[in-house]
2 protein chains.
Amino acid sequence: MTAALRLGIAGLGTVGAGVVKIVRRQAALLEARTGQRIEITAVSARDQSKDRGVNLSSYAWETDPVALAVRDDVDVFVELMGGSEGPAKLATEAALAAGKDVVTANKALLAIHGQALAEQAESAGRVIRYEAAVAGGIPVIKTLTEGLAGNEITRVMGVMNGTCNYILTRMESAGLGYNTVFDEAAALGYLEADPNLDVGGIDAGHKLAILSAIAFGTKPDFDGIEIEGIQNVTIEDIRQAADMGFRIKLLGVAQRSPRGLVQRMQPCLVPANSPLGQLEGGTNMVVIEGDAVEQVVLRGPGAGEGPTASAVLGDICDLARGLRIATFGQPAATLEDAPAASTGLPAPYYLRMALADKPGALAKVAAVLGEAGVSIDRMRQYSHDDATAPVLIVTHKTTRAALNQALDAMKTTDVVATVPVALRIEQV
Amino acid sequence: MTAALRLGIAGLGTVGAGVVKIVRRQAALLEARTGQRIEITAVSARDQSKDRGVNLSSYAWETDPVALAVRDDVDVFVELMGGSEGPAKLATEAALAAGKDVVTANKALLAIHGQALAEQAESAGRVIRYEAAVAGGIPVIKTLTEGLAGNEITRVMGVMNGTCNYILTRMESAGLGYNTVFDEAAALGYLEADPNLDVGGIDAGHKLAILSAIAFGTKPDFDGIEIEGIQNVTIEDIRQAADMGFRIKLLGVAQRSPRGLVQRMQPCLVPANSPLGQLEGGTNMVVIEGDAVEQVVLRGPGAGEGPTASAVLGDICDLARGLRIATFGQPAATLEDAPAASTGLPAPYYLRMALADKPGALAKVAAVLGEAGVSIDRMRQYSHDDATAPVLIVTHKTTRAALNQALDAMKTTDVVATVPVALRIEQV
């Protein structure tokens, strides 16, 4: 009989409790599939007295996650505390130093300290797995690192924060403004303690940094991501975008360009009838494009006890089966420093503005766009009751630099009544 | 320097040539990712003189795939010939006997001889990988076997024959009948030499048998699949289904029930606004449901040189990285004989019939359904010019047995002018 694979689990919130439940409930199935018994030997959390709906009495208890991480009876340190600094980082480092493999759901830790941790793991001959860190239950890390390993990846993009997608789709379906739906989401407990992690695009940005490193063989570079949250998305833009056949999503896009690595996390328009456009509520979606495979789309629950625990268990089963792979799919020493591209790739843009209701206003705007080299694909002017006319423009592909030049020039005309809204249209 | 992983490729059609191209074009990338050089040492096909758009001159040539499979300078036998019997089977067996690992795209071989081959591979200490056998470029085998290994799978379903999905979506978009679109597809080269493999549901059935074995830990049982092709799907049903908010798909479904394993490949209705309903053309989709992950949906190209070669390369990279796993995710000896369920699980059904245009006709049909215990969710009768009235019924959940009882009883009434069409509505 093979020895058991012994887990030490730090962090017993929703996900931690979910992992404990699966290990207990599916012991026979996990052993049949991996050929190894999977056991929990020790757990750690701040409050031992709290009822977590699962029997923990047979596991050793450690108050200090670092002490858990280095226990002799732990083979795999399962880090489910979260946070890029403090106990999660210290305990992960201690586990690797003590010769343990690590399974984590910690996107911030990997996005910010991934390179150093990968180097540490490799010099110690250990592995770090983190399927649960990106897109919840969707096995996107495995798909990108292993399933599509024969591809030169050309673009990775995704909707990877369920709370933002919930807010945006709820705004549209209920016709409510951002602040109202934000308050609803807060009341439902959908937001992180620091809501800016969600609505500010930080959490999704962490995930994009991880995908980007795997896809392009580059060091994770969270600071190189251009991040814009959803706080300024208005119900007017959602409605007008819908009217033009688009939906607004907080979309992460990573792409190599001749000028460097483009990493953007920002509200974008996508065609309403595309898989991304059709994504409702808290569901996540990742789209991977490669030179051979063309396009693969993965969709699934982005959070929650079961889905996130499923991803953690996938990693644990890999370790039990002896599947071992470099943190970002190739040795850490071979990951490149990819310079962040100074400008993004050209794209069509959606523009919404209010024009003064006087003769020639539209012509002036069109002229300013033309002078900047921005050509117009479609334009709509709506009927109105007040002194300004709402106007929507969809441009042909243009650079953000050319668009900014046109937006600056518009200020000098006397016909643009409000600061125009400009949103990128991602071609999917 | 590590020794190279040496491939022997049998079959140089579209997929074989695609694999050769990637191995040549991406040599550096593949080595960076796997830590091993990947080389082709020998190839085999029927006609050496044919131009395949790729330079084969540096590889040894074998006319006999069995001779290729046992060469000393081959570590991995890559079988891309196809067919469940004959050379593919002989060469695969010979490769395993000679201590080679096998990578194959052969769904028929795995669906029909998978159990015996898995046993042979395991006793020889070798592995068989077959990502390309199911759903083209989508890494569904890896997702199911590894990524979701922590789940008790509850249902697997999918649209896995691109040709059938092309025909069905083209019928709807162009308003054309089955035979017309079938002829178009034939002219476009979309059909197998034996078209019944596609439109008869056989090819998709092979794929379902493989997924089912992994999902439920059962021996692949192609003969246990209830298979119905798309040949009898009419443009009328496609239109009427659309009118009720559904699309017709050739859908494979595998599910465990208390009465055994349910495996069906048949035209089904799915909600038009579901991911499956929105699937157009040759794209494939697989939906996997597990007790922890809830639902994961994978979408991508189901065929073609690049996507299929991408899947083959994924398997080759796994072998180069030392990832080795039992053929169906657990040792062949532990796979169960799952009895095919004698009846499927209850579902709502779509019924279309023409009723004689006389008083009380609808009441008689409703009465017959009620007597069989089939209750009606929705019913529509359309205006008409002739002596019979088209009627559509969507039932509540019922068993196929109860429905058959009602359909039999309808024949004894004098109001049903045509044999009713009955299609299952899969809840997705």
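Because the structure is predicted, anything quoted here is derived from the model rather than measured.

**Considering the overall build of chain A**
Looking only at helices and strands, chain A features 14 helices and 16 strands. Rg of the C-alpha trace for chain A: 24 Å, near the compact-globule value of 22 Å for 428 residues, within the 12% margin. In terms of overall dimensions, chain A has C-alpha extents of about 85 × 45 × 35 Å along its principal axes. Here chain A holds 428 residues, and 54% of them are scored as buried. Counting contacts in chain A only where the partners sit at least 6 residues apart, residues at least 24 apart contribute 76% of the total.

**Some thoughts on the nonpolar core**
Judged by nonpolar contacts, the single largest core of 283 residues is most densely connected at Val19 and Val312 of chain A together with Val19 and Val312 of chain B. Setting aside chain neighbours within four positions, we find Val312 of chain B in contact with Val15, Val19, Val78, Val103, Ala105 and Ala132 of chain B.

**Thoughts on the sheet that holds strand E2 (residues 38-44) of chain A**
All names here are of chain A. As summarised here, the arrangement of the 6 strands in space is E3-E2-E1-E4-E5-E6, forming an open sheet in which the pairing is parallel. Edge positions in the sheet fall to strand E3 (60-62) and strand E6 (128-129), since each has one partner strand and no second. Sheet topology places strand E1 (residues 5-10) next to strand E4 (residues 76-79); 4 bridges connect them, and they run parallel. Each bridged residue has a counterpart across the sheet, and for Ala10 the counterpart in E4 is Glu79.

**Some remarks on the relation of the copies chain B and chain A**
If you rotate chain B by 180 degrees and push it 0.0 Å along the axis, it lands on chain A with an RMSD of 0.0 Å. Such a combination of turn and shift is consistent with a two-fold rotation axis. Of the interface residues in chain B, 100% have counterparts in chain A that sit at the interface too, so the contact is made through matching surfaces.

**Points about the domain arrangement of chain A**
Once the domains are mapped, chain A shows domain 1 (5-133), domain 2 (142-301) and domain 3 (349-424). The C-alpha centroid of domain 3 of chain A is placed 53 Å from the C-alpha centroid of domain 1 of chain A.

**With respect to the environment of Glu294 of chain B**
Mapped onto the secondary structure, Glu294 of chain B falls in strand E12 (residues 294-301). Sequence separation of Glu294 of chain B and Ser375 of chain B is 81 residues, and the distance between their C-alpha atoms is 29 Å. If sequence neighbours within four positions are ignored, Glu294 of chain B has contacts with Gly137, Pro301, Gly306 and Pro307 of chain A together with Glu289 of chain B.

**What to know about the interface of chain B and chain A**
Listed per partner, the contact involves 46 residues of chain B and 46 residues of chain A. Mapped onto the side of chain B that touches chain A, the elements with two or more residues apiece are helix H2 (27-34), helix H6 (140-147), E12 and helix H12 (305-320) of chain B. Along the lines of polarity and charge, the residues of the side of chain B that touches chain A split into 21 nonpolar, 17 polar and 8 charged.

**Some points on the packing of helix H7 (residues 162-174) of chain B against helix H8 (residues 178-187) of chain B**
In a pair of packed helices, the angle between the axes and the distance between the axes together describe the arrangement. All names here are of chain B. At a minimum axis separation of 9 Å, H7 and H8 run at an interaxial angle of 130 degrees. The angle between H7 and H8 places the two elements in the oblique class. At the point where H7 passes H8, the crossing takes the right-handed sense. Across from Thr163, Tyr166, Ile167, Arg170 and Met171 in H7, the residues of H8 making contact are Tyr178, Val181, Phe182 and Ala185. In terms of residue class, the contact of H7 with H8 is made up of 7 nonpolar, 1 polar and 1 charged.

**Some points on the confidence of the model for chain A**
Residue-level pLDDT values for chain A average 95, and 100% of them are 70 or greater. Listed scores for the predicted complex are pTM 0.96 and ipTM 0.96.

**What to know about the pairing of strand E14 (residues 376-381) of chain A**
Residues and elements named next belong to chain A. Sheet topology places E14 next to strand E15 (residues 388-395); 5 bridges connect them, and they run antiparallel. Each residue of the ladder has a partner; that of Gln381, found in E15, is Val391. Between the antiparallel neighbours E14 and E15 lie 6 residues.

**Concerning the packing of helix H1 (residues 14-25) of chain B against H12 of chain B**
Residues and elements named next belong to chain B. One way to put it is that H1 packs onto H12 with a least axis distance of 8 Å and a crossing angle of 65 degrees. As for how H1 packs across H12, the hand of that crossing is right-handed. In this structure, H1 contributes Thr14, Val15, Ala17, Gly18, Val19 and Ile22 to the contact, and H12 contributes Glu305, Gly306, Thr308, Ala309, Val312 and Leu313. When its residues are assigned to classes, the contact of H1 with H12 shows 7 nonpolar, 4 polar and 1 charged.

**Regarding the environment of Asp203 of chain B**
Note on placement: Asp203 of chain B falls in helix H10 (residues 202-216). In this structure the C-alpha to C-alpha distance between Asp203 of chain B and Val312 of chain B, which are 109 residues apart in sequence, comes to 18 Å.

**A short note on unusual backbone geometry**
All names here are of chain B. One non-glycine residue, Ala135, adopts positive backbone phi at about 60 degrees. Relative to the helices and strands, Ala135 resides in the loop between strand E6 (128-129) and H6. Judged by C-beta crowding, with 32 C-beta atoms within 10 Å, Ala135 ranks as buried. Not every positive phi belongs to a glycine, and Glu294 is a case in point at roughly 70 degrees.

**A few points about helix H4 (residues 87-97) of chain A**
Residue and element names in this part refer to chain A. Taken together, the buried positions of H4 are Ala88, Lys89, Ala91, Thr92, Ala95 and Leu96. For H4, the elements touching its buried residues are E1, helix H3 (65-69), E4, strand E5 (101-104) and helix H5 (107-124). After H4 finishes, the residue Gly99 shows a positive phi value of roughly 80 degrees.

**Quick look at the sheet that holds strand E13 (residues 349-356) of chain A**
Residues and elements named next belong to chain A. In space, the 4 strands of this open sheet follow the order E14-E15-E13-E16, with antiparallel pairing throughout. Of all strands in the sheet, those bounded by a partner on one side alone are E14 and strand E16 (421-424). Neighbour-to-neighbour, the strand axes of this sheet turn through a mean angle of 20 degrees, independent of strand direction. Bridge count between E13 and E15: 7 bridges; the pairing is antiparallel. Paired with Leu355 across the two strands is Ala389, which belongs to E15. Where helix H13 (residues 361-371) meets the sheet, its contacts fall on E13, E14 and E15, and the angle it forms with E13 comes to roughly 145 degrees.

**Points about the pairing of strand E13 (residues 349-356) of chain B**
Taken together, the 4 bridges between E13 of chain B and strand E16 (residues 421-424) of chain B define a ladder with antiparallel strand orientation. From the neighbouring strand, Tyr349 of chain B faces E16 of chain B, where its bridge partner is Arg424 of chain B.

**Observations concerning H12 of chain B**
Residues and elements named next belong to chain B. Between its terminal C-alpha atoms H12 stretches 22 Å, which fits the 22 Å expected from 16 residues at 1.5 Å a residue. The buried fraction of H12 amounts to 15 of the 16 residues, a majority that puts the element mostly inside the structure. Gly322 occupies a position one or two residues after H12 and carries a positive phi of about 80 degrees.

**Side note on the environment of Pro87 of chain A**
All names here are of chain A. Assignment of secondary structure puts Pro87 in helix H4. Residue Pro87 is classed as partly exposed on the basis of its 19 C-beta neighbours within 10 Å. Distance in space between the C-alpha atoms of Pro87 and Ala10 is 9.6 Å, their sequence separation being 77 residues. Every residue in contact with Pro87, bar those within four places of it in the chain, is listed here: Pro65 and Met81.

Conventions adopted
- Residues numbered from 1 in each chain as written.
- Chains lettered and ligands numbered in written order.
- Predicted model: local features only at pLDDT ≥ 70, side-chain atom pairs only at ≥ 80, totals over all residues.
- Helix = DSSP H or I, 4+ residues; strand = E, 2+ residues; numbered from the N terminus.
- Rg over C-alpha atoms; globule rule 2.2 N^0.38 Å.
- Buried ≥ 20, exposed ≤ 12 C-beta atoms within 10 Å, placed from the backbone.
- Contact = placed C-beta atoms within 7 Å.
- Core = buried A, V, L, I, M, F, W, Y, C linked by C-beta atoms within 7 Å.
- Pairing = 2+ DSSP bridges.
- Least-squares fit on C-alpha atoms with pLDDT ≥ 70 in both.
- Domains from an automatic or database assignment.
- Nonpolar A, V, L, I, M, F, W, Y, C, P; charged D, E, K, R; others polar.
- Axes fitted to C-alpha atoms, helices over the stretch in contact; angles between N-to-C directions.
- Parallel < 35°, antiparallel > 145°, perpendicular 65-115°, else oblique.
- Left-handed = near helix turned anticlockwise from the far one by under 90°.
- pLDDT = per-residue confidence, 0-100.
- Expected span 1.5 Å × (residues − 1).

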